[in-house]
Amino acid sequence: MDVHADVEAVAHELYGLVPGRFTAARDERAARAREAGQAQAARAIAGLRRPTRAAFASNLLVRRRPKEVAAFLELGEALRQAHRSLDGTQLKDLSHQRHVVVAALARTARQLAEGEGQAVSESVAHEVEQTLHAALADPDAAEQWSGGRLTTALTPPAGFTGLPATAPVRPQPAVTRADAPAKPKPKPKPKPSREAEQRRARLEQAHRTAEETGAEATAREAELRGAEQEQRDHEQALAEADAQVAELERQLREARTGQAEARRALAEATVRVRDAARAAGAARRKADAAADRSAELAGAQE
């Protein structure tokens, strides 16, 4: 029996749950493992920590948006490589791209979490952004984040801005006009090395990845807005249908009340007709008998 595989499967399941369901589900899985005689697995499962809301939103993004996550990880690798060699201007451009992509993915994570009924405050949204920055800056953080099992938000390295600690500049010695050396002739620019060309290619790929990821996030957000509008339209239609059904049910109740009253009135009228028919029959028989008697008396007098 592969205890590690069992624990991994349970952990994958648990970290896909909303935080409010995590603890009860974890304890139930641990108890089930103990009952099966898997003491080691039970201890490992019981030790799993409930994720914070920021961690849950980050995990949900990893689970629901694998293509964007893969592109984001590639961007992080390209940024870290470029960070070691590019000049300040290029790094500023990359930093701008990084912030655009991080903001777009953080919005997506927030919408996914709210779609699961988990409110995301501004502070939680900030923690999600910090987690994304950390994943870009640090390969270890990127590995933790991409596993989809964070328990708390990640923090980027101290002072990380996407720029080097000191921008590469050439020192310029102070000279006076008198001792200023003659201006040297410009040297021909050296042919870019293979490594420089590779760095440039990685930079261009990072730009493309940032643009594609941002565009994908924007498209997803547009789809979400369209789905939300469709949901609101259906909710309005349902409310109108409910109101119409309620009115028809009211009319039906009134019609049934009138039907019951009409049936009672008909039954009473039927009884009166029967009684009146009996009375009329009796009266008619008496009248006929009286007429017959009168006729007999008149014949006898003749």
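Since this is a predicted model, take the numbers as computed values, not measurements.

1. A few points about the overall build of the chain
On a plain count of helices and strands, the chain comes out with nine helices and zero strands. Beginning at the N terminus, the succession of helices and strands in the chain can be written as α-α-α-α-α-α-α-α-α.

2. Quick notes on the environment of alanine 153
If you trace the backbone, alanine 153 turns up in the loop between helix 8 (139–146) and helix 9 (194–301). Each C-alpha atom, one on alanine 153 and one on alanine 54, is 5.9 Å from the other, the two residues being 99 residues apart in sequence. In contact with alanine 153, other than residues within four places in its own chain, are Thr52, Ala54, Ala55, Glu127 and Thr131.

3. Focus on the packing of aromatic side chains
Under the definition given, this model contains two aromatic pairs. Ring centres 5.4 Å apart and planes at 65° place the aromatic pair phenylalanine 72 and tryptophan 145 in the edge-to-face group. On the criterion of sequence distance, the pair formed by phenylalanine 72 in helix 5 (residues 66–83) and tryptophan 145 in helix 8 is long-range, its members being 73 residues apart. The class for phenylalanine 72 is buried, based on a relative accessible area of 2%.

4. Thoughts on the nonpolar core
Of all hydrophobic cores here, the largest spans 32 residues; its most connected members are Leu61, Phe72, Val128, Leu132 and Trp145. Beyond its immediate sequence surroundings of up to four residues, leucine 132 is in contact with Leu61, Phe72, Val102, Leu105, Ala106 and Trp145.

5. Topic: the environment of threonine 151
Tracing the backbone shows threonine 151 in the loop between helix 8 and helix 9. Note: C-alpha distance between threonine 151 and alanine 54 (97 residues apart in sequence) is 8.7 Å. When residues no more than four places from it in sequence are discounted, the contact partners of threonine 151 are Tyr15, Arg49, Arg50, Pro51, Thr52 and Ala55.

6. Describing helix 3 (residues 39–46)
Turning to helix 3, its buried residues are Ala41, Ala42 and Ile45. Taken around the axis of helix 3, the buried residues stretch over an arc of 100°, which confines them to a single face. The exposed residues of helix 3 that point more than 90 degrees off its buried face are Gln40 and Arg43.

7. Description of the pattern of salt bridges
For the structure shown, the criterion picks out 14 salt bridges. Note that arginine 284 and aspartate 288 form a salt bridge whose closest N and O atoms lie 3.9 Å from each other. Of the two residues, arginine 284 and aspartate 288 both sit in helix 9, four residues apart, roughly one turn of that helix. Given the relative accessible area of 54%, arginine 284 is considered exposed. Exposure remark for aspartate 288: the relative accessible area of 37% places this residue in the partly exposed category. In this structure, glutamate 296 engages arginine 293 in a salt bridge whose closest nitrogen and oxygen atoms are separated by 3.6 Å. Here glutamate 296 and its partner arginine 293 are both found in helix 9, three residues apart, which amounts to about one turn of the helix. Through salt bridges with shared partners, a single ionic network connects Glu13, Glu28, Arg29 and Arg32.

8. Let's talk about the packing of helix 4 (residues 53–64) against helix 7 (residues 122–137)
Taken N-terminus to C-terminus, the directions of helix 4 and helix 7 make an angle of 55°; their axes are 8 Å apart at the nearest point. In terms of orientation, helix 4 lies oblique with respect to helix 7. The element helix 4 and its partner helix 7 pack so that their crossing is right-handed. Residues Arg53, Ala54, Ala57, Ser58 and Leu61 of helix 4 form the contact with helix 7, whose participating residues are Val124, Glu127, Val128, Thr131 and Leu132. By residue class, the composition of the contact of helix 4 with helix 7 is six nonpolar, two polar and two charged.

9. Quick notes on the packing of helix 2 (residues 19–35) against helix 3
Viewed as axis vectors pointing N to C, helix 2 and helix 3 meet at an angle of 170°, and their least axial separation amounts to 8 Å. Classified by the angle their axes make, helix 2 and helix 3 are roughly antiparallel. Judged by residue contacts, Arg26, Arg29, Ala30, Ala33 and Arg34 of helix 2 engage Ala41, Ala42, Ile45 and Ala46 from helix 3. Of the residues assigned to the contact of helix 2 with helix 3, the class counts are six nonpolar, no polar and three charged.

10. A short note on the confidence of the model for the chain
Fine structural detail should not be taken from predicted coordinates in areas where pLDDT scores are low. Chain-level statistics for the chain give a pLDDT mean of 80 and a share of 71% at 70 or above. Confidence scores differ between elements of the chain, with helix 9 showing the lowest mean pLDDT of 76 and helix 4 the highest of 97. Counting contacts from residues 161–180, a segment whose pLDDT is below 50, to residues more than four positions away or on other chains yields 15 contacts.

So, how was this worked out
Residues numbered from 1 in each chain as written. Predicted model: local features only at pLDDT ≥ 70, side-chain atom pairs only at ≥ 80, totals over all residues. Heavy atoms only, no water. Helix = DSSP H or I, 4+ residues; strand = E, 2+ residues; numbered from the N terminus. Contact = heavy atoms within 4.5 Å. Phe/Tyr/Trp six-rings, centres within 6.5 Å; stacked < 30°, edge-to-face > 60°. Buried < 20%, exposed > 50% of the residue type's maximum accessible area, 1.4 Å probe, protein only. Core = buried A, V, L, I, M, F, W, Y, C linked by side-chain atoms within 4.5 Å. Arc of directions from axis to C-beta. Salt bridge = Lys/Arg side-chain N within 4 Å of Asp/Glu carboxyl O. Axes fitted to C-alpha atoms, helices over the stretch in contact; angles between N-to-C directions. Parallel < 35°, antiparallel > 145°, perpendicular 65-115°, else oblique. Left-handed = near helix turned anticlockwise from the far one by under 90°. Nonpolar A, V, L, I, M, F, W, Y, C, P; charged D, E, K, R; others polar. pLDDT = per-residue confidence, 0-100.

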